[in-house]
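Each chain, written out:
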Amino acid sequence: SPSPAAPLSPAPPPAGVVPFRGARERPNRLSPRYTFESYVTGPSNRMAYAACTAVAEHPGARFTPLFLFGSTGLGKTHLLQAIGNEALAQHPQLRVVYLSAEQWVNEYIAEIQARRFDDFRRRYRDGCDLLLIDDIQFLAGKNASQDEFFHTFNALYEAHKQIVVTSDRYPHEIAGLED
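Analysis parameters
- Residues numbered from 1 in each chain as written.
- Predicted model: local features only at pLDDT ≥ 70, side-chain atom pairs only at ≥ 80, totals over all residues.
- Heavy atoms only, no water.
- Helix = DSSP H or I, 4+ residues; strand = E, 2+ residues; numbered from the N terminus.
- Expected span 1.5 Å × (residues − 1).
- Buried < 20%, exposed > 50% of the residue type's maximum accessible area, 1.4 Å probe, protein only.
- Arc of directions from axis to C-beta.
- Contact = heavy atoms within 4.5 Å.
- Axes fitted to C-alpha atoms, helices over the stretch in contact; angles between N-to-C directions.
- Parallel < 35°, antiparallel > 145°, perpendicular 65-115°, else oblique.
- Left-handed = near helix turned anticlockwise from the far one by under 90°.
- Nonpolar A, V, L, I, M, F, W, Y, C, P; charged D, E, K, R; others polar.
- Salt bridge = Lys/Arg side-chain N within 4 Å of Asp/Glu carboxyl O.

Q: In this structure, what is going on with helix H5 (residues 143-158)? I would like to understand it.
A: A turn of α-helix holds 3.6 residues, and therefore any two residues three or four places apart point the same way. In a regular helix each residue adds 1.5 Å, so 16 residues correspond to 22 Å; H5 covers 22 Å between its end C-alpha atoms and thus fits that length. Where H5 is concerned, the buried positions are Ser145, Gln146, Glu148, Phe149, Thr152 and Leu156. Around the axis of H5, the buried residues are gathered within 160° of arc, so they sit on the same side. In H5, the exposed residues that point more than 90 degrees away from the buried face are Asn143 and Glu158. On its buried side, H5 packs onto helix H3 (101-113), helix H4 (117-125), strand E3 (130-134) and strand E4 (162-167). Positioned one or two residues after H5, His160 has a phi angle of 60°, which is positive.

In structure tokens form, the structure reads like this:
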């Protein structure tokens, strides 16, 4: 079994990294009500809970990427945001970004229309240590957005950053999703 990567230790953002719009208000879009303490565990979700707490404690070291699958209403969003909230509590210097796949697509389109595509790339590839994307199945059939996510995913993975996504579909059921 390969040894885990060294824990994530983010550097200050490189020159030219464009901050998220509204960064002073809610730079990571996390809701403080979603915590591990308020999550109800049971026999069916203990493994997911354990993986998520491990990710929050040591982002980028194990379980990257982490894919959380489950039916609607089973707590995927809660666990996803709990990862972000706990990771920030333990590692305040982390640049954590939570968003839905729909928000990803909308931002992507807006930045292309405004001719700020390089800003979009820098923001997610260089300005993010922990990327949390909810409802990744929303990317199905959105080829350009999906391609950009694939390249961002690879860039973050190669840089030993943490990626966590949720879905209510298995990966093979998401049309066009790269292996």
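Q: Looking at this structure, I do not really get the packing of helix H1 (residues 46-57) against helix H2 (residues 76-90). What am I missing?
A: Angle between the axes and distance between the axes: these two values describe a pair of packed helices. Running from N to C, H1 and H2 cross one another at 30°; their axes reach a closest spacing of 8 Å. Regarding the angle of H1 to H2, the classification is roughly parallel. In this structure, the crossing between H1 and H2 has a hand that is right-handed. Counting all contacts with H1, which are made through Ala48, Tyr49, Cys52, Val55, Ala56 and Glu57, the residues of H2 involved are Leu79, Ile83, Glu86, Ala87 and Gln90. Residues belonging to the contact of H1 with H2 are distributed by class as follows: eight nonpolar, one polar and two charged.

Q: What's the story with the pattern of salt bridges in this structure? I'm lost.
A: For the structure on display, the rule yields nine salt bridges. Ionic pairing is found between Glu148 and Arg125, a salt bridge with its closest N-O pair at 2.8 Å. With Glu148 in helix H5 and Arg125 in helix H4, this residue pair connects regions lying 23 residues apart in the sequence. Of the residues examined, Glu148 reaches a relative accessible area of 2% and is grouped as buried. Among the ionic contacts, a cluster of salt bridges with common partners joins Arg29, Glu107, Glu111, Arg116 and Arg123.

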